[in-house]
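Coordinate inspection notes
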Amino acid sequence: MKRTEIRSLLERTDYGTAVNVKGWVRTKRSSKNVAFIALNDGSTIKNVQIVVEMNEENDKLLERIHTGAALSIDGVLTESMGSGQSVEVQSKSIEILGEANPDEYPLQPKKHSLEFLREKAHLRFRTNTFSAIARIRHAMIFAVHNFFNDRNFYNIHTPIITGSDAEGAGEMFQVTTMNLENLPKKEDGSIDFEKDFFGKAANLTVSGQLEGELAALAMSNIYTFGPTFRAENSNTSRHLAEFWMIEPEMAFYDLNDNMDLAEDLLKYVIQYALDHCREDLEFLSKRQQDEEKTKKEDERSMELIKKLNFVLAEPFVRLTYTEAIDVLMNSKLNKKKKFQYIIEGWGADLQSEHERYLVEKHFKRPVILTDYPASIKAFYMKQNEDGKTVRAMDILFPQIGEIVGGSQREESYNKLLIKIKELDIPMESMWWYLETRKFGSVPHSGFGLGFERLILFLTGMSNIRDVIPFPRTPLNLEF
RNA sequence: UCCCUAGUAGCUCAGUUGGUUAGAGCGGCGGACUGUUAAUCCGUAGGUCGUAGGUUCAAGUCCUACCUGGGGAGCCA
């Protein structure tokens, strides 16, 4: 008999039909006359209830069925007599596809801590929380591609291995085929990268932006959606060594166009989640509320779905760095020296506590900060006429902080060249980037959206290690 | 990398100012009972208290170092 996915099975009403379901046991409750098995196949957060009449044959089978076992069940679709579900399957025959020894299987039909499940990353897909996150993650990948495709953006695959070490976005992982036990050396004792696979030093990409710009300066609107690697020793709930980033790059866009696009994108994918991931979001919402029960009322998060709708309802607040400094300088927290880092004046780099104040306390909405001091931003950002700020924009979200970072790019060959020299960026790795400013240079803009940070926001999870199946962080490469 | 904090049964945790044989709930196992819903009830097994040193008559409890987790900070997405 052909297998029916639980997701579609639960929507059927053709009672009396013979069906086959396959999946993994979540719980088993047995008694003298009847046993109930909650079966899940990952197609939906809901389980299907299998009803097993007790007889000699089934008694023996049920002894071997525990949480985690894989079953194939032939049975009859039935209207449920119980109150927890409308449909169930009356079992006719059970095949045990794979047993799960209860002495060894670590997942129990109870709440496990996220920390514990992180150590069981190979099995955590089998929990409601992690399967819900995986389904939402999928939906968001799909939504991102949809959004750009609808707007005639072309998806570009930028390289994962790069010869450029000047992207400036962070420490890089080195890539080599050389024998690390016996590295080829030059006469002066330095490592001879000419003997390496590419004939030069290679790294994993920290951003596809520079290559994305090349494409945008021919194709107009492009985006990348790929893995990104940062070898920073970051130990926080918001950083990964390997993460996924969406980087659109648009010719003829100024900073305002850029902000409009970023805000549209975020609102589009949030709406998509509300439209397509309702059950998973409702589950995660309940999970979060249970988790925060012990917290004081004013420290609890806004209910998840309410929060998502709230972000959709209003335009993001847009203000310049200079205006933000004013707000912070005039804030009670700054005047009463309640910030750990007191804002002394213009030019200060904003700390997490300041960003959180702006987003969570002052404006109580997502905030887009623009026109930062040039000294605290990357070399490729367009310089303003004032000579001290650049056309940068950061989108700040509650709890998450910076979810998007972007800018209008410097299109002037001379200005860019001067900047590169100032910062001692090696010309031999930047010549191709500079040539785009030499030949048909135009105003253009782009940004990077951290995919996992987006998923954090959407799921209400608090640790980024729980929104990617196999997190890579310092000293963690088990799975 | 820095600051704070935690590590006790398979899981979640309690263990009082250092003082006899280290406890609970859940899970497992055995049984009872019931169209059950993380079922319920009764019984039962299970721990060299993260590791290594040290202080003390006596250490799960105090001290030091290390390992691992968590929270915060920096780097950023």
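Residues numbered from 1 in each chain as written. Chains lettered and ligands numbered in written order. Predicted model: local features only at pLDDT ≥ 70, side-chain atom pairs only at ≥ 80, totals over all residues. Heavy atoms only, no water.

1. Section: the overall build of chain A
Looking only at helices and strands, chain A has 14 helices and 16 strands in total. If one aligns the C-alpha atoms of chain A with their principal axes, the spans along those axes are about 85 × 60 × 45 Å. Per-residue burial for chain A yields a buried fraction of 48% across its 479 residues. Intrachain contacts of chain A at a sequence separation of at least 6 include 67% that bridge at least 24 residues. Roughly 24400 Å² of accessible area belongs to chain A as shown, and the carbon and sulfur atoms make up 49% of that amount. (Helix = DSSP H or I, 4+ residues; strand = E, 2+ residues; numbered from the N terminus. Buried < 20%, exposed > 50% of the residue type's maximum accessible area, 1.4 Å probe, protein only. Contact = heavy atoms within 4.5 Å. Areas by Shrake-Rupley, 256 points an atom, 1.4 Å probe, with all protein chains shown as cover.)

2. With respect to the confidence of the model for chain A
Within chain A, residue pLDDT values average 92, and 99% of them lie at 70 or more. Across chain A, element-level confidence peaks in strand β6 (residues 154–155) with a mean pLDDT of 98 and bottoms out in helix α2 (residues 56–63) with 86. Reported confidences for the modelled complex are a pTM of 0.94 and an ipTM of 0.90. (pLDDT = per-residue confidence, 0-100.)

3. Observations regarding the sheet that holds strand β8 (residues 174–175)
Working definition: the strands of a sheet are paired by backbone hydrogen bonds and lie parallel or antiparallel to each other. Pairing is antiparallel in the open sheet, where three strands are placed in the order β7-β9-β8. Edge positions in the open sheet fall to β7 (161–162) and β8, since each of these has one partner strand only. (Pairing = 2+ DSSP bridges.)

4. Thoughts on empty space enclosed by the protein
Scanning the model with the defined rule gives one cavity of 30 Å³ or more in all. Each pocket or cavity is described by its volume, and for the largest cavity that value is around 80 Å³. Lining the largest cavity are R124, F125, F130, I133, A134, R137, D466, V467, I468 and P469. Within the lining of the largest cavity, the residues separate by chemical class into seven nonpolar, no polar and three charged. (1 Å grid on protein atoms, 1.4 Å probe; cavity = no way out; pocket = protein on both sides within 12 Å on 5 of 7 lines; lining within 4 Å. Points joined across faces, edges and corners; volume = space filled by probe spheres on them. Nonpolar A, V, L, I, M, F, W, Y, C, P; charged D, E, K, R; others polar.)

5. Looking at the pairing of strand β14 (residues 389–397)
Where burial is concerned, most of β14 is hidden: eight out of the nine residues are buried. Where strand β13 (residues 367–373) meets β14, six bridges bridge the pair, whose relative direction is antiparallel. Its bridge partner lying in β14, Y372 is registered against V390. The pairing of β14 with strand β15 (residues 401–408) spans six bridges and is antiparallel. Residue pairing in the sheet places L396 in a bridge with E402 of β15. From the end of β14 to the start of β15, which pair antiparallel, there are three residues, and Q399 there has a positive phi angle of about 70°.

6. Section: helix α11 (residues 352–362)
Taken residue by residue, α11 has H354, E355, Y357, L358 and V359 as its buried positions. Contacts made by the buried residues of α11 are with α9 (321–329), α10 (332–335), β13, β14 and β15. The first or second residue beyond α11 is K364, which carries a positive phi of 55°.

7. Notes on the domain arrangement of chain A
Split into domains, chain A comes out as domain 1 (6–107) and domain 2 (126–171 + 206–316 + 365–466). Just the C-alpha atoms count here: the centres of domain 1 and domain 2 sit 43 Å apart. Summed over both partners, the interface of domain 1 with domain 2 buries about 790 Å², with 45% contributed by carbon and sulfur atoms. When the buried surface of domain 1 facing domain 2 is broken down by residue, R26, I45 and L107 rank first, second and third, together holding 60% of it. At the boundary of domain 1 and domain 2, one finds one salt bridge. The partner of E279 in a salt bridge is K46, and the shortest N-O contact between them spans 3.1 Å. Run the count over domain 1 and domain 2 and you get six residue pairs in polar contact (both at pLDDT 80 or more). A breakdown of the residues in the side of domain 1 that touches domain 2 according to their chemical character gives four nonpolar, four polar and two charged. (Domains from an automatic or database assignment. Buried area = accessible area lost by both parts, 1.4 Å probe. Salt bridge = Lys/Arg side-chain N within 4 Å of Asp/Glu carboxyl O. Polar contact = N/O pair within 3.5 Å; in protein donor to acceptor, adjacent residues only side chain to side chain.)

8. A look at the environment of I395
Relative to the assigned elements, I395 resides in strand β14. For I395, a relative accessible area of 0% puts it in the buried group. Residues I395 and V317 lie 78 residues apart in sequence; the distance between their C-alpha atoms is 9.5 Å. Beyond its immediate stretch of four places on either side in the chain, I395 contacts A262, L266, F316, V367, I368, G401, E402, I403 and V404.

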